[in-house]
Amino acid sequence: MKYSIVVPVYKEKNNISDLKKKISFYLNKNKKKFELLIVDDDSNDGSKEEFLKNKKKNTKFIVRKQKPNDLSQSVLYGVKFSKFENIIIMDGDLQHSPQEIIKLINFYEKNRSDCVIASRKFDAMGESLSILRLISSKFLIFIFNLLFNLKIADPMSGFFIIKKKIIKKNEKKLFKRGYKILADIITCGEIIKISEIFINFKKRRKNKSKMGFKILFILIQFLIFRFISKIIN
């Protein structure tokens, strides 16, 4: 199988070189065919210049200039440039360890699911998330599963593999805002086979988290929008 790795970033200059180097190392070591697409949300912080150092032919740096800045929009923009049918989405801050990609791929190839989620181990994340974020994440996941009659350990994960045809088929139905593109995709109404594996969620090494009240407000808007859509349909 071949994989398009789409990584949305915003002001991640300090992480881009390590991210690119580690992804290439682990996938080449395990003989996986891939392309890496870094989708920058018009950071203007020198991220592109950092990326272009030691550039490899199977890596691309794509700048999305449309406003407002939005992770979901960046993911969908990157998918448009992807060559392969199997799409890997992950964050660019190294909290999703590149080494875990191989674990995700191996499970995906063996299990033949439409989507495999790399779920966070919340009970082991005391150093990675503040108490407030930990509690709010667990609460939102509980509400999500309750509203949509699902049993997913981490539907808010930003690290997963999915077939490109599923994204394309449902693109017009997507909410297309916020940081939770996975939750958006799996609540579109399309029945897909979803599996989960658990990964170690790393502590952010550089830069600050983008999470804030604005992002949380958009997430609540999404849940309301999707639930109303479910009732209407």
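The structure this text deals with has already been given above.
Let me begin by describing the structure that accompanies this report. Worth saying up front: this structure is predicted, and the values here are computed from it rather than measured.

Calculation notes
- Residue numbers run consecutively from 1 along every chain, following the written order of its sequence.
- Side-chain atom pairs in this predicted model are given and counted only at pLDDT of 80 or more, local residue features only at pLDDT of at least 70, and totals for whole chains, interfaces and linings cover all residues.
- Working from all heavy atoms in the structure, the side-chain values ignore hydrogens and water.
- A run of H or I in DSSP becomes a helix once it reaches four residues, and a run of E becomes a strand once it reaches two; helices and strands are each numbered from the N terminus.
- Atoms counted for the radius of gyration: C-alpha only. Globule rule: 2.2 Å times residue count to the power 0.38.
- Exposure categories follow from relative accessible area, calculated using a 1.4 Å probe and restricted to protein chains: below 20% of the type maximum is buried, above 50% is exposed, and the middle band is partly exposed.
- By the convention used here, residues are in contact when the closest approach between their heavy atoms is within 4.5 Å.
- Accessible surface area values rest on a Shrake-Rupley calculation with a 1.4 Å probe, where residue burial reflects the displayed protein chains alone.
- As used throughout, the charge tally considers Lys and Arg to be positive and Asp and Glu to be negative, leaving His and the chain termini uncounted.
- The location of each charge is read from NZ of Lys, CZ of Arg, CG of Asp or CD of Glu.
- Whether two strands pair depends on DSSP finding at least two bridges between them.
- A fitted line through C-alpha atoms serves as each axis, taken over the contacting stretch for helices, and the angle formed by two N-to-C directions is quoted from 0 to 180°.
- Criterion for a disulfide: a pair of cysteine sulfur atoms at a distance within 2.5 Å.
- We define a salt bridge as a contact between a side-chain nitrogen of Lys or Arg and a carboxyl oxygen of Asp or Glu at a distance within 4 Å.
- Any pair of nitrogen or oxygen atoms within 3.5 Å is treated as a polar contact; in protein, a donor-acceptor pairing is required on top of that, and neighbouring residues in sequence qualify only through side-chain atoms on both sides.
- Residues belong to one nonpolar core when they are buried, are Ala, Val, Leu, Ile, Met, Phe, Trp, Tyr or Cys, and are joined through side-chain atoms within 4.5 Å.

1. Quick look at the overall build of the protein
Okay, step 1: Scanning the protein for helices and strands turns up eight helices and seven strands.
Okay, step 2: For the protein, the C-alpha radius of gyration of 17 Å lies close to 17 Å, the compact-globule estimate for 233 residues.
Okay, step 3: Seen through its principal axes, the protein has C-alpha atoms that stretch 50 × 35 × 35 Å.
Okay, step 4: Evaluated residue by residue, the protein yields a buried proportion of 52% over its 233 residues.
Okay, step 5: Summarising the internal contacts of the protein: among those between residues at least 6 apart in sequence, 79% fall at separations of at least 24.
Okay, step 6: Of the roughly 12,100 Å² of accessible surface on the protein, a fraction of 55% belongs to carbon and sulfur atoms.
Okay, step 7: Across the protein, the mean location of the 50 positive side-chain charges is 3 Å away from that of the 23 negative side-chain charges.

2. A look at the pairing of strand β7 (residues 194–199)
Okay, step 1: Alternating residues of β7 divide into S195, I197 and I199, all buried, and I194, E196 and F198, none buried.
Okay, step 2: Sheet topology places strand β5 (residues 115–120) next to β7; six bridges connect them, and they run parallel. The residue of β7 that forms the bridge with S119 is F198.

3. Some remarks on the environment of F122
Okay, step 1: With respect to the element layout, F122 can be found in the loop between β5 and α5 (131–148).
Okay, step 2: When the C-alpha atoms of F122 and I135 are compared, they prove to be 9.5 Å apart, with 13 residues separating the residues in sequence.
Okay, step 3: When residues no more than four places from it in sequence are discounted, the contact partners of F122 are L134, S137, K138, I141, A153 and D154.

4. Examining the sheet that holds strand β1 (residues 2–9)
Strand pairing within a sheet occurs via backbone hydrogen bonds; the two strands may be parallel or antiparallel.
Okay, step 1: Pairing within the open sheet is mixed, and its seven strands lie in the order β3-β2-β1-β4-β6-β5-β7. Each end of this open sheet is capped by a strand with a single partner; those strands are β3 (59–63) and β7. When the angles between neighbouring strand axes are averaged without regard to direction, this sheet yields 25°.
Okay, step 2: Both β5 and strand β6 (residues 160–163) contribute to a ladder of three bridges, which runs antiparallel. Looking at β6, one finds that I117 is bridged to F160.
Okay, step 3: Helix α1 (residues 13–29) contacts β1, β2 (33–40) and β3 of the sheet and is inclined by roughly 165° relative to β2.

5. Focus on the state of the cysteines
Okay, step 1: Applying the stated criterion to the full structure yields zero disulfides.
Okay, step 2: No disulfide involves C188; its nearest neighbouring cysteine sulfur is the one of C115, lying 12 Å away.
Okay, step 3: Note on C188: relative accessible area 10%, which makes it buried.

6. Looking at the side chain of E35
Okay, step 1: Tracing the backbone shows E35 in strand β2.
Okay, step 2: Of the side chains with opposite charge, K60 lies nearest to the buried E35, which makes no salt bridge, at 4.3 Å.
Okay, step 3: Of the polar contacts made by the side chain of E35, one reaches the backbone nitrogen of K83; its length is 2.6 Å.
Okay, step 4: Ignoring any residue separated from it by four or fewer positions in sequence, one finds E35 in contact with Y3, S4, I5, N58, K60, F81, S82, K83 and F84.

7. Looking at the pattern of salt bridges
Side chains that carry opposite charge are capable of pairing whenever their charged atoms lie near each other.
Okay, step 1: Considering all chains together, one arrives at seven salt bridges under this definition.
Okay, step 2: As a salt-bridge pair, D42 and K67 come within 3.6 Å of each other at their nearest N and O atoms. Here D42, found in the loop between β2 and α2 (47–51), pairs with K67, found in the loop between β3 and α3 (71–81); they are 25 residues apart in sequence, far enough to count as distant.
Okay, step 3: Given the relative accessible area of 55%, K67 is considered exposed.
Okay, step 4: Across the pair D184 and R226 runs a salt bridge whose closest N-O atoms are separated by 2.4 Å. Of this pair, D184 sits in helix α7 (residues 181–186) while R226 sits in helix α8 (residues 213–232), placing them 42 residues apart in sequence. Of the two residues examined, D184 and R226, each falls in the buried class.

8. Here's the deal with the nonpolar core
Okay, step 1: Among the nonpolar cores identified, the biggest contains 35 residues, and C115, F144, M156, F160, I162, I181 and I185 are the most heavily contacted of them.
Okay, step 2: Setting aside residues no more than four positions away along its own chain, I162 makes contact with E85, N86, I87, Y108, D114, C115, I167 and I185.
Okay, step 3: By size, the runner-up hydrophobic cluster in this structure holds 27 residues, among which are L36, M90, I101 and F159.

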